[in-house]
Amino acid sequence: MSVGELAGLLVAVFWAVLVTLLAVVLVRLSAVLREATGLVSAVTEQAVPLLVDAGAAVRSANEQLERVDEITANVQDAAANANALSSTVAATIGGPLVKVAAFSYGVRKAAGRRQAGVTVPEQAAEREALARLVRAEVRAATTPRTGGLLARVRRAVRG
């Protein structure tokens, strides 16, 4: 056997081993591809029902949000009605209530002065001065304080 024949024999054996190894790799690769195809089809079969369920959940959540919107609108209407009712009550009852409070304050002050020994003067000028003093005290006592209930009632009465 010559050196050329020996080299040809070695190359032929090398190619035979290489082709055998490539055939084994290709057989294993085809098995992996078959398994991947089966896995993809299984995932697809399970994903479709999950997507249908997710769509149903989103539709249900949307319906619930629409109901919440309706409830919120009804609550806003009720709050507006309650506000209008309270304004009406304040306007209707507020004016007479302020007048009664001022009158009762004046009566209490007059009764307190009478018990203290201060008498109503006999002369008209002195009575008029005393009446102005009582009116000034009543006004001072009923003067609205900013932000107070009495101020709000007066503002509601005046419009």
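Residues numbered from 1 in each chain as written. Predicted model: local features only at pLDDT ≥ 70, side-chain atom pairs only at ≥ 80, totals over all residues. Heavy atoms only, no water.

K.L.:
Explanation requested: the overall build of the protein in the structure shown.
P.N.:
Each helix and strand in the protein was counted, giving 3 helices and 0 strands. From first element to last, N terminus to C terminus, the protein shows the α and β order α-α-α. For the protein, the residues scored as buried account for 7% of the 159 residues in total. Taking as baseline every contact in the protein between residues at least 6 positions apart, the subset at least 24 positions apart corresponds to 56%. (Helix = DSSP H or I, 4+ residues; strand = E, 2+ residues; numbered from the N terminus. Buried < 20%, exposed > 50% of the residue type's maximum accessible area, 1.4 Å probe, protein only. Contact = heavy atoms within 4.5 Å.)

K.L.:
What exactly am I supposed to notice about the pattern of salt bridges here?
P.N.:
Pairing is possible between side chains that carry opposite charge, provided their charged atoms lie close to one another. All told, the structure shown has 1 salt bridge when counted by the stated rule. Between E128 and R135 there is a salt bridge whose closest N-O contact spans 3.4 Å. The exposure class of R135 is partly exposed, given its relative accessible area of 39%. (Salt bridge = Lys/Arg side-chain N within 4 Å of Asp/Glu carboxyl O.)

K.L.:
I tried to follow the packing of aromatic side chains on my own but got confused; where do I start?
P.N.:
Applying the stated criterion across every chain yields a total of 1 aromatic pair. Each ring, one from F14 and one from W15, has its centre 6.2 Å from the other, and the planes form 70°; the classification is edge-to-face. (Phe/Tyr/Trp six-rings, centres within 6.5 Å; stacked < 30°, edge-to-face > 60°.)

K.L.:
So what exactly am I meant to see when it comes to a nonpolar patch on the surface here?
P.N.:
Nonpolar side chains collect at one region of the surface, where M1, L6, L9, L10, V13, V17 and L21 lie side by side and expose about 740 Å² of accessible area between them. Turning to its location among the elements, V17 is positioned in helix α1 (residues 3-115). (Patch = residues over 30% accessible without salt bridge, like charges linked within 9 Å, V, L, I, M, F, W, Y side chains within 5 Å. Areas by Shrake-Rupley, 256 points an atom, 1.4 Å probe, with all protein chains shown as cover.)

K.L.:
When you look at the environment of E128 in this model, what are you seeing that I'm missing?
P.N.:
Turning to its location among the elements, E128 is positioned in helix α2 (residues 124-142). Among the polar contacts made by the side chain of E128, one reaches the side chain of R135 at a distance of 3.4 Å. (Polar contact = N/O pair within 3.5 Å; in protein donor to acceptor, adjacent residues only side chain to side chain.)

K.L.:
Would you mind showing me how to read a negative patch on the surface here?
P.N.:
Together, E63, E66, D69 and E70 make up a region of like negative charge exposed at the surface. Counting through the fold element by element, E63 comes out in helix α1. In this structure E63 comes out as partly exposed when scored by relative accessible area, which is 44%. (Lys, Arg positive; Asp, Glu negative; His and termini not counted. Charge placed at Lys NZ, Arg CZ, Asp CG, Glu CD.)

K.L.:
Would you mind going over the confidence of the model for the protein with me for this structure?
P.N.:
Caution applies to low-pLDDT parts of the model: their predicted coordinates are not meant to be read in detail. For the protein, mean pLDDT is 84; residues scoring 70 or higher make up 86% of the total. Element-level mean pLDDT values for the protein span from 68 in helix α3 (residues 149-158) up to 89 in α1. (pLDDT = per-residue confidence, 0-100.)

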